[in-house]
Amino acid sequence: MKTACIKLILSLFAVSCFTTLSFAMQKAPQQRVIPKPVSMEAGEGHFELNRNTKIRISASEKALTELADYLSDLIYAATWVETPVETGGFNAPDSSIHLIVDESTDFENNEAYALSVAPDGITIKAPTSTGIFYGVQTLRQLLPVEIEHSDPSLVPQDVKWTVDAVEIRDYPRFQYRGLHLDVARHFFPVEFVKKYIDLLAMHKMNRFHWHLTEDQGWRIEIKKYPKLTEVSAWRNSTLIGHYTSGEYDNIRYGGYYTQEEIREVVEYARKRHVTVVPEIEMPGHSSAVLAAYPDFGCIDGKDYKVQTTWGVFEDIFCPKEETFRFLEDVLTEVMELFPSKYIHIGGDEAPKKQWEESEQAQSVIQREDLKDEHELQSYFISRIEKFLNSHGRQIIGWDEILEGGLAPQATVMSWRGEEGGIEAAKMNHDVIMTPGGTNYFDHYQANPETEPLAIGGFTPLEDVYHYEPVPHELSGEKAKYVLGAQGNVWTEYMHTTDKVEYMAYPRAVALSEVLWTPADNKNWMEFWGRLQTHFKRLDILEVNYADHYKGHIPGQK
Ligand code: ACM
């Protein structure tokens, strides 16, 4: 009896030791950072955030002060612990967090950082403030997930604000790490756009591709052309349900961002080291513009309409001088609002029928000695490129801009598979990969029968995680033209911000690791493990992510 009792106690102790140990192994804080850092070495002991913790910065320059304030605000919002920001004072270890821009040390690239957590202090060193920002994001993920709370009274009493000692060296694999949002098929408020940017920045992504114009609505205020927001921003009805339903709601729908709001978003993104890349579609996807300004179309007297259903429409800008003047005026205001080197000019899905039937379009083909309408599109895009280049900007276009000849400096966004990207890279043009099969987050991510309506396709989380942006067709020399990749969120079937989050997350989380982490460091099962902690973080941030991979992998017990 006594022996049995001791045995029971011993076995309970063993079970409890084992659970504690495996718990510790699974939950080791450094095992939860997404995207996974390049290298991490665990140290001894831990750092504890306390009321003496200060944030010390290496210089009182604006970018670093902003970052220190950002970190201080993040900590205060969850803990009510004030961490005053001070310049210098690095000598004595005093539980402080040091943010040091250090141009003298060898870092792998401009976005790299080194993070050292020790019991007597934390140091983040980087060659630029952007590197420091990424170090701060990693530190944020090393803290208990409750750091995401914006109300300390919601944080459980037993949460300890500690970080296990660790040495991290980290840098991104790709320089272009993008997430796109279509605000034209459905319109989303500024507050949501900011949250979207916050989330992508948390995952160390650095480009927000803002798809602002479409057949179904124009979403950016342009002072010189008020009818773009009076007329083009509104449609009279919207298709209900799937593409084939034939049913409409007969409700006027629309909206747009004022220039003031756009400035606010661009500034918000800047503070999170995110560049906003605006997209102004041309020459196709232009029904909404032509509804307000029919003179820029090719068909005299046509009653153009802001479209109420989805798909590809024949409406197209006519390549006449007044159209180019209009587009240059629009792009001039766009350049004033967006400091991005890249301006996306669309170029996709532009049927040539109206050009084939237009005397004006045909006369341009003759005048410019062009072979056909594809070369006319190339002429159109090259002219716009020349205008933007003359203002120090560069164009990105969807892969259709290859047809009829690629504009000399253009970056190609490859969406109809990777072929366009491969072709462009072989011609020494920069490329951003966003192939439909893996990077379209409007596709289904689980069985369509049990999922909310989506456009089609099937792109589960695992497929996104396994995506490799550099195709094997591109040898070492040409591979460098692949600047990175992007996830696209087209919103025909996303009426609400909740649905956008459901479709984008956690797929954007998987993509962040594709874009940041060296391919050899990636491991699907291990990522899935880290994702379990990450879901708790997203819960606190009130992200309406799809939870198919929460607690188990679909199809596996
Ligand atoms: C696209 O999906 N039409 C670029």
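Residues numbered from 1 in each chain as written. Predicted model: local features only at pLDDT ≥ 70, side-chain atom pairs only at ≥ 80, totals over all residues. Heavy atoms only, no water.

Chemist: I'd like a rundown of the sheet that holds strand β19 (residues 411-414), residues and numbers included.
Modeler: Taken in spatial order, the 8 strands close into a barrel running β8-β9-β16-β17-β18-β19-β20-β21, and their pairing is parallel. The mean inter-strand angle of the sheet, taken between neighbouring strand axes irrespective of direction, is 30 degrees. Of the strand pairs in this sheet, strand β8 (residues 176-182) and strand β9 (residues 207-211) are connected by 5 bridges, and their pairing is parallel. By the bridge assignment for β9, Asp182 is matched with His211. (Pairing = 2+ DSSP bridges. Helix = DSSP H or I, 4+ residues; strand = E, 2+ residues; numbered from the N terminus. Axes fitted to C-alpha atoms, helices over the stretch in contact; angles between N-to-C directions.)

Chemist: Break down the packing of helix α4 (residues 190-202) against helix α6 (residues 259-271) for me, with residues and values.
Modeler: Relative to each other, α4 and α6 sit at 15 degrees, their axes nearing to 10 Å. In terms of axis orientation, α4 runs roughly parallel to α6. In this structure, α4 meets α6 at a crossing whose hand is right-handed. Of the residues in α6, those in contact with Val190, Val193, Lys194, Ile197 and Asp198 of α4 are Glu261, Glu264, Val265, Tyr268 and Ala269. (Parallel < 35°, antiparallel > 145°, perpendicular 65-115°, else oblique. Left-handed = near helix turned anticlockwise from the far one by under 90°. Contact = heavy atoms within 4.5 Å.)

Chemist: Can you tell me about the confidence of the model for the protein chain, naming the residues and giving the values?
Modeler: Residues of the protein chain with pLDDT of at least 70 account for 94%, and the chain-wide mean is 94. When pLDDT is averaged over each helix and strand of the protein chain, the minimum, 40, is found for helix α1 (residues 2-27) and the maximum, 99, for β9. Every residue in residues 1-29 is under pLDDT 50, and counting partners more than four places away or in other chains gives 5 contacts. (pLDDT = per-residue confidence, 0-100.)

Chemist: Requested: an account of the pattern of salt bridges, with residues and values cited.
Modeler: Inspection of the entire model under this criterion finds 31 salt bridges. A salt bridge links Glu314 to Lys353; its shortest N-O distance comes to 3.9 Å. Residue Glu314 is found in the loop between α7 (287-292) and α8 (321-337), and its partner Lys353 is found in helix α9 (residues 353-356); the two are separated by 39 residues along the sequence. Glu314 gets classed as partly exposed once you look at its relative accessible area, which sits at 38%. Connected through shared salt-bridge partners, Lys36, Glu513, Glu526 and Arg530 make up one network. (Salt bridge = Lys/Arg side-chain N within 4 Å of Asp/Glu carboxyl O. Buried < 20%, exposed > 50% of the residue type's maximum accessible area, 1.4 Å probe, protein only.)

Chemist: Give a detailed account of α4, specifying residues and quantitative values.
Modeler: Relative to the 18 Å expected for 13 residues at 1.5 Å per residue, α4 spans 18 Å between its end C-alpha atoms, a close match to the ideal helical length. In terms of burial, α4 is a largely internal element, 10 of the 13 residues being buried. Every buried residue of α4 is accounted for by Val190, Phe192, Val193, Lys194, Tyr196, Ile197, Leu199, Leu200, Ala201 and Met202. Packed against the buried residues of α4 are α3 (129-142), β8, β9, α6, α16 (497-504) and α18 (524-540). Positive phi shows up at Lys204, right after α4, with a value of about 60 degrees. (Expected span 1.5 Å × (residues − 1).)

Chemist: Go over the packing of helix α10 (residues 359-367) against helix α11 (residues 373-389) with me, naming the residues and quoting the values.
Modeler: Packed helix pairs are characterised by how far apart their axes lie and by the angle those axes make with each other. Interhelical geometry of α10 versus α11 gives an angle of 80 degrees and a closest axis separation of 10 Å. It follows from the interaxial angle that α10 and α11 lie roughly perpendicular. Across the interface between the two elements, Ala361, Gln362, Val364, Ile365 and Arg367 of α10 pack against Glu373, Leu376, Tyr379 and Arg383 of α11. Looking at the contact of α10 with α11 residue by residue, the class counts come to 5 nonpolar, 1 polar and 3 charged. (Nonpolar A, V, L, I, M, F, W, Y, C, P; charged D, E, K, R; others polar.)

Chemist: Can you explain the sheet that holds strand β5 (residues 113-118)? Please cite residues and give values.
Modeler: The strand order across the open sheet built from 7 strands is β1-β7-β5-β6-β4-β2-β3, with neighbouring strands paired in mixed fashion. Each edge of the open sheet is held by one strand with a lone partner, namely β1 (39-48) and β3 (85-87). Within this sheet the neighbouring strands show an average axis-to-axis angle of 20 degrees, counted without direction. Strand direction decides the pairing type here: strand β2 (residues 55-57) and strand β4 (residues 96-101), joined by 3 bridges, are parallel. If you follow Arg56 over to β4, its bridge partner there is His98. Those strands touched by α3 are β4, β5, β6 (121-126) and β7 (162-170), and its axis lies near 40 degrees from that of β5.

Chemist: Report on the packing of aromatic side chains, specifying residues and quantitative values.
Modeler: Under the definition given, this model contains 29 aromatic pairs. Between Phe296 and Phe326, the ring centres sit 4.5 Å apart and the planes meet at 25 degrees, which makes this aromatic pair stacked. Of this pair, Phe296 sits in the loop between α7 and α8 while Phe326 sits in helix α8, and the two are 30 residues apart along the sequence. A relative accessible area of 0% places Phe326 in the buried class. Centroid distance Tyr440 to Trp490: 6.3 Å. Interplanar angle 40 degrees. Geometry classified as tilted. (Phe/Tyr/Trp six-rings, centres within 6.5 Å; stacked < 30°, edge-to-face > 60°.)

Chemist: Give a detailed account of the side chain of Glu400, specifying residues and quantitative values.
Modeler: Structurally, Glu400 is set in the loop between β18 (394-398) and β19. A polar contact is formed between the side chain of Glu400 and the backbone nitrogen of Glu349, at a distance of 3.1 Å. Beyond its immediate chain neighbours, meaning those up to four positions away, Glu400 contacts Gly347, Asp348, Glu349, Gln377, Trp415 and Arg416. (Polar contact = N/O pair within 3.5 Å; in protein donor to acceptor, adjacent residues only side chain to side chain.)

Chemist: An account of the environment of Val509 is requested, with residue identities and associated values reported.
Modeler: You can see Val509 is positioned in helix α17 (residues 507-516). In sequence terms Val509 and Gln175 are 334 residues apart; their C-alpha atoms lie 17 Å from each other. Discounting chain neighbours no more than four positions away, the residues touching Val509 are Ile34, His203, Phe527, Leu531, His534 and Leu538.

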